[in-house]
Amino acid sequence: MSKQKGREEHTMPFTKEQMKQVFDTNIIDFAVRHGFEIEKGDRNTVHVKHSGGLYLFRHGRGYYQFTGEKSGNIIQFAQEYLGACDFKSAVEMILDCRAYEQAEHYVLPVEKKPRGELVLPPKDKDFNRTIAYLTRTRGIDREIVYAMINQGKIYQAVTQKNGYTFRNCAFVGYDTSRKPRYCALRAPSSDKKFRQDVENSDKTYGFCMEGRSRRVYEFEAPIDAMSHASLCKLYGIDWKEDHRVAEGCLADKALCRYLQHHPEIREIVFCYDNDVEGKDAMGNPCNHGQIQAEKSAKAFGKAGYEVFIQTPRTKDFNQDLMVLQEMLFHVRDGPEEVEIELD
């Protein structure tokens with residue numbers, strides 16, 4: 001009887017002590033160790049910067065994502081936001097962290113260190129997974145994707161972490177001397193939520209699509225900027241004519257820097273997400289994207305720019321693009337019959 005019990009216990013790849021350590025690991029410590037930046041939240045939570053509505057509980061036991069209203073423990077966090085492919089790899093990743101201390105966790109303010117040199121992650125031997133994700137899963141026009149690849153603004157990054165190999169889409173921002181200053185990574189899969197800025201990235205140098213006109217469109221994410229360009233192409237509009245800037249967050253930092261180097265621009269169109277299901281830290285309805293759009297339009301309008309707000313019909317412009325493509329697949333008469341418009 002005891003021998004049978006021993007065999008059953010060894011089917012589990014981790015000991016009881018190891019699993020206790022996993023669930024005693026403070027999720028805030030774990031997130032910080034893996035490059036997430038923490039800022040003040042409320043009495044019960046801290047907010048993960050540049051994440052939208054991702055909050056970690058101060059007691060260290062779990063997280064809550066207001067967008068989609070998802071919650072989970074540290075194992076699910078490792079799978080959702082750090083690319084762990086299964087339960088086993090998530091546990092192995094967590095075991096590198098120290099155990100949870102039986103005291104309330106506080107995030108102490110630290111002096112901001114000078115930003116170091118940005119080192120781009122290595123390029124993979126091919127970009128097939130990234131191209132497939134952007135063109136097939138996200139529906140972005142192939143010409144636009146390849147144009148960004150040829151400009152060095154998109155590539156497939158391959159990184160090693162905790163003995164695992166990760167392949168991600170890399171979106172790069174440059175300064176005027178073509179030096180990389182910003183890089184955002186995103187998992188090339190709709191099933192994985194991993195997204196993270198590379199260490200020493202400067203968000204004031206966002207992902208940009210240079211144009212020729214006096215108008216710039218501002219977006220939260222590179223995928224939305226390219227989706228908007230794809231929508232323009234579907235309607236017969238020259239997607240190369242206007243400028244596009246992606247912030248990588250709800251801010252105007254990259255736009256401000258871009259305007260400094262493009263004095264010809266006099267029109268700004270704010271294209272933030274339409275967070276109809278968004279909530280604030282207290283759980284109240286809050287359309288974060290459109291609130292920011294109104295705030296930005298007011299500020300830049302006072303600065304003398306002509307300002308406009310273009311709100312997606314769905315959640316964002318990538319979803320608008322995919323809805324339109326699905327409708328066109330079933331409708332023979334073309335885009336004229338579809339009620340998605342571009343200003």
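Only a predicted model underlies this, so the values are computations on that prediction, with no experimental measurement involved.

Examining the packing of aromatic side chains
Under the counting rule described, the total for this entry stands at twelve aromatic pairs. Summarising the aromatic geometry, the rings of Tyr63 and Tyr81 are spaced 5.6 Å apart at their centres and angled 90° between planes, so their arrangement reads as edge-to-face. In this pair, Tyr63 sits in strand S4 (residues 63-65) while Tyr81 sits in helix H4 (residues 74-81), placing the two residues 18 residues apart along the sequence. Its relative accessible area of 3% is what places Tyr63 among the buried residues. Judged by centre distance (5.2 Å) and plane angle (35°), the rings of Phe77 and Tyr81 are tilted. One end of the pair, Phe77, and the other, Tyr81, are both in helix H4, four residues apart, so they sit about a helical turn from each other. In this structure, Phe77 and Tyr81 share a single accessibility class: buried. Each member of the aromatic cluster is reached from another via a ring pair, and the members are Phe30, Phe36, Tyr63, Phe77 and Tyr81. Sitting above the plane of the Tyr174 ring, Arg178 keeps its charged end 3.9 Å from the centroid. If you follow Arg215 out to its NZ or CZ, it ends over the ring of Phe308, 5.9 Å from the centre.

Digging into helix H11 (residues 317-330)
For H11, spanning 14 residues, the distance from its first C-alpha to its last is 20 Å, which sits close to the expected 20 Å at 1.5 Å a residue. Residues of H11 that are buried: Phe317, Asn318, Asp320, Leu321 and Leu324. Buried residues of H11 fall within an arc of 155° about the axis and therefore sit on the same side. Opposite the buried face of H11, by more than 90 degrees, sit the exposed residues Phe329 and His330. Those residues of H11 that are buried are in contact with strand S11 (215-219) and helix H8 (222-234).

Things to note about unusual backbone geometry
Even without glycine at this site, Arg178 takes up a positive phi of about 65°. The class of Arg178 is partly exposed, set by a relative accessible area of 45%. Positive phi values are uncommon outside glycine, yet Asn200 reaches one of about 75°. Note that Asn200 resides in the loop between strand S9 (195-197) and strand S10 (207-209).

Notes on the environment of Cys208
The topology assignment puts Cys208 in strand S10. The buried category is assigned to Cys208, whose relative accessible area is 10%. The spacing of Cys208 and Val245 is 37 residues in sequence and 4.5 Å in space, taken between C-alpha atoms. Excluding residues within four positions of it along the chain, Cys208 makes contact with Lys153, Arg244, Val245 and Tyr258.

So, the packing of helix H6 (residues 128-137) against helix H7 (residues 142-150)
Packed helices, taken two at a time, are described by their axes: the angle between them and the distance between them. Running from amino to carboxyl end, H6 crosses H7 at an angle of 145°, the nearest separation of the two axes being 10 Å. As H6 runs across H7, the sense of the crossing is right-handed. Contacts from Ile131, Leu134 and Thr135 in H6 reach Arg142, Val145, Tyr146 and Ile149 in H7.

Topic: the confidence of the model for the protein chain
The predicted model of the protein chain has a mean per-residue pLDDT of 84, with 85% of residues at 70 or higher. Below pLDDT 50 for its whole length, residues 1-10 participates in zero contacts with residues either more than four positions away or in separate chains. Contacts for the low-pLDDT stretch residues 98-110, under 50 throughout, to residues beyond four places or in other chains number 20 contacts.

Quick notes on the pairing of strand S7 (residues 164-174)
Successive residues of a regular strand alternate their side chains across the two faces of the sheet. Of all eleven residues that make up S7, eight are buried, and the element is covered over most of its length. One ladder, built from eight bridges, connects strand S6 (residues 154-161) with S7; its direction is antiparallel. In the strand pairing of S7, Thr159 is matched with Phe166. Here S6 folds back onto S7, and the loop between the two strands holds two residues, one of which, Asn162, carries a positive phi near 55°.

Rules and cut-offs
Residues numbered from 1 in each chain as written. Predicted model: local features only at pLDDT ≥ 70, side-chain atom pairs only at ≥ 80, totals over all residues. Heavy atoms only, no water. Phe/Tyr/Trp six-rings, centres within 6.5 Å; stacked < 30°, edge-to-face > 60°. Helix = DSSP H or I, 4+ residues; strand = E, 2+ residues; numbered from the N terminus. Buried < 20%, exposed > 50% of the residue type's maximum accessible area, 1.4 Å probe, protein only. Lys NZ or Arg CZ within 6 Å of the ring centre and 35° of its normal. Expected span 1.5 Å × (residues − 1). Arc of directions from axis to C-beta. Contact = heavy atoms within 4.5 Å. Axes fitted to C-alpha atoms, helices over the stretch in contact; angles between N-to-C directions. Left-handed = near helix turned anticlockwise from the far one by under 90°. pLDDT = per-residue confidence, 0-100. Pairing = 2+ DSSP bridges.

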